[in-house]
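Residue strings, one per chain:
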Amino acid sequence: MMPDSLILRTGSRALAPLMLLVSLYLLLRGHDAVGGGFIGGLTAGAVVVLLYFSRGSKRIVGSRVLRFTPLVGTGLLIALLYGLAGLLLDGAFLAGGKVTLPGGLEVAASLVFDVGVYLVVVGLVVGIVRHMGYAAESQEVTLPEREDA
Amino acid sequence: MSGLLTAPFWLPLLGAVVALLARRHYHVQQAISLLTLSASVAIGGVLVAETADGAVHATQIGGWPVGIAIPFVADRFAALLITTTALAALLAVVFAMLRGEDHHVQFHPLVGVLVTGVFASFLTADLFNLFVTFEVMLIASYVLLTLRAGRAQERAGAIYIMTNLLASTAFLLGLALLYGRVGTVNLGELHAAAADPGAAVAAGVIAIAIGVKASLVPLHGWLPRAYVCAGPAVTALFSGLLTKVGVYALFRLYSVVYAGEPRWSLLLLVVAGITMLVGVLGAVGKGDMRAILAFHMVSQVGYLVLPLGLWSLAGVTAGIVYLLQYIAVKGALFLAAGTVETVTGTGRLAELGGMLRTRPAVAIGFLLPALALAGVPPTSGFVGKFMLIRASFEGAHYVVGGVAVVVSFFTLMSMMKIWNGVFWGEPSAAVSAEAGTEGDPDRARLPRVVDGIPQPPPVVFTPPRVRALALPSLAVGVATILLGLGAQLLVTLAEPAAAGLLDPSAYLEAVRGR
């Protein structure tokens, strides 16, 4: 892993929650404006990469939440069940519509689908970091100590 | 109807997702695979019944207006292919379970995703969506090919992935050109679009990209290199599904976008003839069962695209009959080769021999599909080939008809070479020892727990299990004889499909939602 950087670690602690909020914001506004599940998922994926850079692959591998299969599996399941719900309720696979929440807020039903996409994309980034992160770590072990470090 | 039409898409995908989440439970994964594939066969059968008398059913995904939505359309051709490929996939998965090739948490989910892509490719009537479903299928196949990562697999995987990525890029480029020229990629609006030279070039780029995936000569080099490196069950799975989707897409493209324009006939006939010849000659120099069979796959693609050049009712009917039985036959041959490899631990002809004495069921399970592949009566292969060659001569295409006959002899010779090498004569040392039944030596090295997931115990090749390995190929072998004798059934099923391709007006109306 790269040299331990105090600046990166401290900075990531402030940045990570902020980035996560932005990703959720992008996810929520996605139906009518720029954003959506995919771009939101990528932003959340950037948080994963930031965590990897600042705390090393142990942080990712040891996490109970950041695991490839559950994230991708759940995401796909949510997206699929949304499609099937459209088939059951509206007679067409993936059919959409607007849902009015109790507060008078109108939300597109496809937000459910977007949440699924969001989870899949985060899962894919986690999968990449976990696989490639391992390789970098094991290579590092065989390298000799640097004189100027 | 909407549920039924989309079911071949969401059912296997749902199975894949549940299998992915149930990754700790090996037997649950197996049950899900068997269940979804059997259900897909049944759904395909219902679709075949629903498309009697040339009826075509369509649904617009998401209930969006026609022209915006992705249409999913089932005509007889698509329905027949769904049923057949689902059956082939089912047999390959059963075989994989028997020999323990599915001992990887991602095997069953990937098979689910693969067949999702295959079925959706058959159903979609939107060329961009076809690109997406192709990718779904291919991405799953990339991982399946390299699932047991060894040096050879990695190299084969690299060739396979690079070739297909290049083809996909060309596909996308062609789509962009076509959209730029015509303004739509919806097949309902593209009928006879190729009358415009610009659109013809754009669709030609797409056709070349699909030609790579169908492995037409000269775009075939990747297939014999890549396929032999996968596990035997995966090779059988790929052989039944992947190139066939390419062939299907070529039929659809020629039927709708080119409207069967006869000016391309000569080019198509030449490509078909050369593909037959090059494939069969390539097999001559090979000394490994699956390598020989892989080259024959290339050769057979020539037969499969021959009807495009004929484009008569007799020719296309013959082509569909041939395609349907061929999917099963080729899968069965690879399964038989896989059985030989599993039992003896090798697929090289030089090390084998005399297996007819030690394992007669395996020998018969190879012989019957091999005869069908060569086109020897009374197998279904004979019926398909005879109809195809007769249609060529009726259409006064004597050269390509002659090539088809000659290539059949070469195919028979190749099959006899395998027969002599593997099954005839005195049992060789490898055949007598049956080293493969002692289990995979690699398995002992593998960790018992991967990523916190307990791995299933290694397969113990008990005598009943070894005998069962031969059953899938034997079943197809018997079926080819029965279908050869009762060939009228296949012809009756295929004729409306052929008529629907020659005159796609019912298909087009269904896509346009009228």
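Q: Sorry if this is basic, but what is going on with the overall build of chain B here?
A: If you tally the helices and strands in chain B, you get 21 helices and four strands. Against the 2.2 N^0.38 benchmark of 24 Å for 514 residues, chain B shows a C-alpha radius of gyration of 22 Å, consistent with a compact globule. In terms of its C-alpha atoms, chain B occupies a principal-axis envelope of roughly 65 × 55 × 40 Å. Looking at chain B as a whole, 61% of its 514 residues qualify as buried. At a minimum sequence separation of 6, the contacts of chain B that also span at least 24 residues come to 81%.

Q: Explain the interface of chain A and chain B to me, please; I cannot follow it from the model alone.
A: Often, the extent of an interface is quoted as the loss of accessible area on bringing the components together. Between chain A and chain B, the contact holds 18 residues from the first and 17 residues from the second. Counting the surface lost from both chain A and chain B, the interface buries some 1400 Å², and carbon and sulfur atoms represent 79% of this. Per-residue buried area on chain A facing chain B is highest for Thr69, Leu80 and Phe93 of chain A; these three make up 37% of the total on that side. For the pair chain A and chain B, the interface holds zero salt bridges. Connecting chain A to chain B are two residue pairs in polar contact (both at pLDDT 80 or more). Residues of the side of chain A that touches chain B, tallied by class, amount to 12 nonpolar, five polar and one charged.

Q: What am I meant to see in the packing of aromatic side chains here?
A: Two aromatic rings are characterised by how far apart their centres lie and by the angle between their planes. All names here are of chain B. What the rule picks out here adds up to 25 aromatic pairs over all chains. Pairing Phe77 with Phe251 gives two aromatic rings, centres 5.6 Å apart and planes at 55 degrees, and the pair type is tilted. In this pair, Phe77 sits in helix α3 (residues 76-98) while Phe251 sits in helix α9 (residues 232-256), placing the two residues 174 residues apart along the sequence. Note on Phe251: relative accessible area 2%, which makes it buried. The ring of Tyr303 carries Lys385 above its face, with NZ or CZ at 4.6 Å from the centroid.

Q: What's the story with a nonpolar patch on the surface in this structure? I'm lost.
A: Residue and element names in this part refer to chain B. The grouping of Leu266, Val270, Ile274, Leu277, Val278, Leu281 and Val284 at the surface amounts to a nonpolar patch, some 570 Å² of accessible area in total. Note on placement: Ile274 falls in helix α10 (residues 265-284). For Ile274, a relative accessible area of 40% corresponds to the partly exposed category.

About the thresholds
- Residues numbered from 1 in each chain as written.
- Chains lettered and ligands numbered in written order.
- Predicted model: local features only at pLDDT ≥ 70, side-chain atom pairs only at ≥ 80, totals over all residues.
- Heavy atoms only, no water.
- Helix = DSSP H or I, 4+ residues; strand = E, 2+ residues; numbered from the N terminus.
- Rg over C-alpha atoms; globule rule 2.2 N^0.38 Å.
- Buried < 20%, exposed > 50% of the residue type's maximum accessible area, 1.4 Å probe, protein only.
- Contact = heavy atoms within 4.5 Å.
- Buried area = accessible area lost by both parts, 1.4 Å probe.
- Salt bridge = Lys/Arg side-chain N within 4 Å of Asp/Glu carboxyl O.
- Polar contact = N/O pair within 3.5 Å; in protein donor to acceptor, adjacent residues only side chain to side chain.
- Nonpolar A, V, L, I, M, F, W, Y, C, P; charged D, E, K, R; others polar.
- Phe/Tyr/Trp six-rings, centres within 6.5 Å; stacked < 30°, edge-to-face > 60°.
- Lys NZ or Arg CZ within 6 Å of the ring centre and 35° of its normal.
- Patch = residues over 30% accessible without salt bridge, like charges linked within 9 Å, V, L, I, M, F, W, Y side chains within 5 Å.
- Areas by Shrake-Rupley, 256 points an atom, 1.4 Å probe, with all protein chains shown as cover.

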